[in-house]
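Take a look at the letters that make up each chain.
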Amino acid sequence: MKKVYRRIFNGFSAPVVPLDCGEKCRHLNDGVPVCCDIGHAVPIMDKSEYKLLRSRSDLWSKYKPEDDHGEELVNSLHDDCVACECKGAKFCERDNRSLSCRAFPFFPYIDKSGEMLGLATYWTFEDRCWVISNMRKVTREFIEEFFDSYEHLFKKKPDEFDVFKDYSATMRRVFSRKKRAIYIIDRDKKFHAILPKGAGMHRVKKRELPAFEPFAD
Ligand code: SF4
Ligand code: SF4
């Protein structure tokens, strides 16, 4: 599996947006970009991904939980996975970021039939991640590399596909309960709204995409 992650790391390096989005959220988090703070997001890696990165750099180590919530997270992980922490945003090495770092705040959205429709957001970060309120700014290069990387990963490691299929189903359940649409970006950078309770999907214009406090105009 190291070979798979090596290929992904070589092919997935485009910035998510054409600016340093850390500048847009760090004021909410004592100067640290939200997704690079272990207090907000603990990167989870496949064990072979972790081994590969450890062989390239001393940037990463195993996450050491400091409270019950952290313990729960570690105990809930699949045997193939490991919770990690890096040395911090000041020491970031772009080439040695994990797949989850490269993809954040997006995950591959998979519908009931098993088709990867596009990029959906980790919605619990809506109140802290500027990109989620600015999906129209996501670069085409990022979208292309995102699809290529996850399609390769799913081909080589089908259980990863199952993880994201389940996560997409969870998002549908949560959003149906909230009577909210799920917004996704497809491979051609077209935007779509997936309506709650299985009521279908339709194209949306950039100006119809949602923005959330504190990033809403
Ligand atoms: S992806 Fe979101 S949380 Fe991470 S640095 Fe950019 S705006 Fe902040
Ligand atoms: S490796 Fe870089 S992008 Fe990933 S969490 Fe650490 S500082 Fe953030």
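Please refer to the structure placed before this passage.
These notes cover the structure that comes with them. (Residues numbered from 1 in each chain as written. Chains lettered and ligands numbered in written order. Predicted model: local features only at pLDDT ≥ 70, side-chain atom pairs only at ≥ 80, totals over all residues. Heavy atoms only, no water.)

## Comments concerning the overall build of the chain
No. 1: Counting secondary structure elements, the chain contains seven helices and eight strands.
No. 2: Rg of the C-alpha trace for the chain: 17 Å, near the compact-globule value of 17 Å for 217 residues, within the 12% margin.
No. 3: Here the C-alpha coordinates of the chain stretch approximately 45 × 40 × 35 Å along the principal axes.
No. 4: Counting over 217 residues, the chain shows a buried share of 45%.
No. 5: Counting only contacts in the chain whose residues sit at least 6 apart along the sequence, the fraction spanning at least 24 positions is 68%.
No. 6: Counting only carbon and sulfur atoms, one obtains 49% of the accessible surface of the chain, whose full area is about 11,900 Å².
No. 7: Of the side-chain charges in the chain, 40 are positive and 35 negative, and the distance between the mean point of each set is 5 Å. (Helix = DSSP H or I, 4+ residues; strand = E, 2+ residues; numbered from the N terminus. Rg over C-alpha atoms; globule rule 2.2 N^0.38 Å. Buried < 20%, exposed > 50% of the residue type's maximum accessible area, 1.4 Å probe, protein only. Contact = heavy atoms within 4.5 Å. Areas by Shrake-Rupley, 256 points an atom, 1.4 Å probe, with all protein chains shown as cover. Lys, Arg positive; Asp, Glu negative; His and termini not counted. Charge placed at Lys NZ, Arg CZ, Asp CG, Glu CD.)

## Things to note about the side chain of Asn96
No. 1: Residue position: Asn96 is located in the loop between strand E3 (81-86) and helix H5 (99-103).
No. 2: For Asn96, a relative accessible area of 9% corresponds to the buried category.
No. 3: There is a polar contact of 2.9 Å between the side chain of Asn96 and the side chain of Arg56.
No. 4: The residues contacting Asn96, other than those within four sequence positions of it, are Leu53, Arg56, Ser57, Leu59, Trp60 and Arg102. (Polar contact = N/O pair within 3.5 Å; in protein donor to acceptor, adjacent residues only side chain to side chain.)

## Focus: the environment of Cys36
No. 1: Along the chain, Cys36 turns up in the loop between helix H2 (22-25) and strand E1 (44-46).
No. 2: Cys36 sits in the partly exposed class, given a relative accessible area of 35%.
No. 3: Taking C-alpha positions, Cys36 is 6.7 Å from Gly88, a pair spaced 52 residues apart along the chain.

## A word on the site of ligand 1
No. 1: In the vicinity of ligand 1, the contacting residues are Cys21, Gly22, Cys25, Pro33, Val34, Cys35, Phe104, Cys129, Trp130 and Val131.
No. 2: In terms of residue class, the shell around ligand 1 is built from nine nonpolar, one polar and no charged. (Near = heavy atom within 4 Å. Nonpolar A, V, L, I, M, F, W, Y, C, P; charged D, E, K, R; others polar.)

## Concerning the side chain of His192
No. 1: As for its position among the elements, His192 is in strand E7 (residues 191-194).
No. 2: Here His192 falls in the buried class, since its relative accessible area comes to 11%.
No. 3: A polar contact is formed between the side chain of His192 and the side chain of Asp186, at a distance of 2.9 Å.
No. 4: Contacts of His192, omitting those with residues within four sequence positions, involve Ile182, Tyr183, Ile184, Asp186, Met201, His202, Arg203 and Val204.

## Description of the nonpolar core
No. 1: Core analysis: the largest hydrophobic core is formed by 60 residues, its most contacted members being Phe106, Val138, Phe142, Phe146 and Tyr150.
No. 2: Examining the composition of this core, we find that seven residues originate from one element, helix H6 (residues 140-156), more than from any other.
No. 3: Those residues in contact with Phe142 that sit more than four places away from it in its chain are Phe12, Ala14, Pro15, Val16, Arg102, Ala103, Phe106 and Leu119. (Core = buried A, V, L, I, M, F, W, Y, C linked by side-chain atoms within 4.5 Å.)

## Considerations on the sheet that holds strand E2 (residues 60-62)
No. 1: The sheet built from three strands is open, its strands ordered E1-E3-E2 with antiparallel pairing. A single partner strand is all that each edge strand has here, and the edge strands are E1 and E2. Across this sheet, the average inter-strand angle for adjacent strands is 55°, counted without regard to direction. (Pairing = 2+ DSSP bridges. Axes fitted to C-alpha atoms, helices over the stretch in contact; angles between N-to-C directions.)

## A short note on the packing of helix H1 (residues 2-11) against helix H3 (residues 47-56)
The axes of two packed helices give the description: the angle between them and the distance between them.
No. 1: Taken N-terminus to C-terminus, the directions of H1 and H3 make an angle of 65°; their axes are 8 Å apart at the nearest point. Overall, the two elements H1 and H3 adopt an arrangement that is roughly perpendicular. As for the relative orientation of H1 and H3, their crossing is right-handed in sense. Contact with H1, carried on its side by Lys2, Tyr5, Arg6 and Phe9, involves Ser48, Glu49, Lys51, Leu52, Leu53 and Arg56 of H3 and no other residues of that element.
No. 2: Of the residues in the contact of H1 with H3, the class split is four nonpolar, one polar and five charged. (Parallel < 35°, antiparallel > 145°, perpendicular 65-115°, else oblique. Left-handed = near helix turned anticlockwise from the far one by under 90°.)

## Quick notes on a negative patch on the surface
No. 1: Judged by side-chain charge, Glu66, Asp67, Asp68, Glu71 and Glu72 come together as a negatively charged surface patch.
No. 2: Secondary-structure assignment places Glu66 in the loop between E2 and helix H4 (68-76). (Patch = residues over 30% accessible without salt bridge, like charges linked within 9 Å, V, L, I, M, F, W, Y side chains within 5 Å. Salt bridge = Lys/Arg side-chain N within 4 Å of Asp/Glu carboxyl O.)

## Re the packing of aromatic side chains
No. 1: A complete count under the given rule lists 18 aromatic pairs for this structure.
No. 2: Consider the rings of Tyr150 and Phe154, whose centres lie 5.8 Å apart with planes at 45°: the pair is tilted. Pair noted here: Tyr150 and Phe154 are both in helix H6, with a separation of four residues, about one helical turn. (Phe/Tyr/Trp six-rings, centres within 6.5 Å; stacked < 30°, edge-to-face > 60°.)

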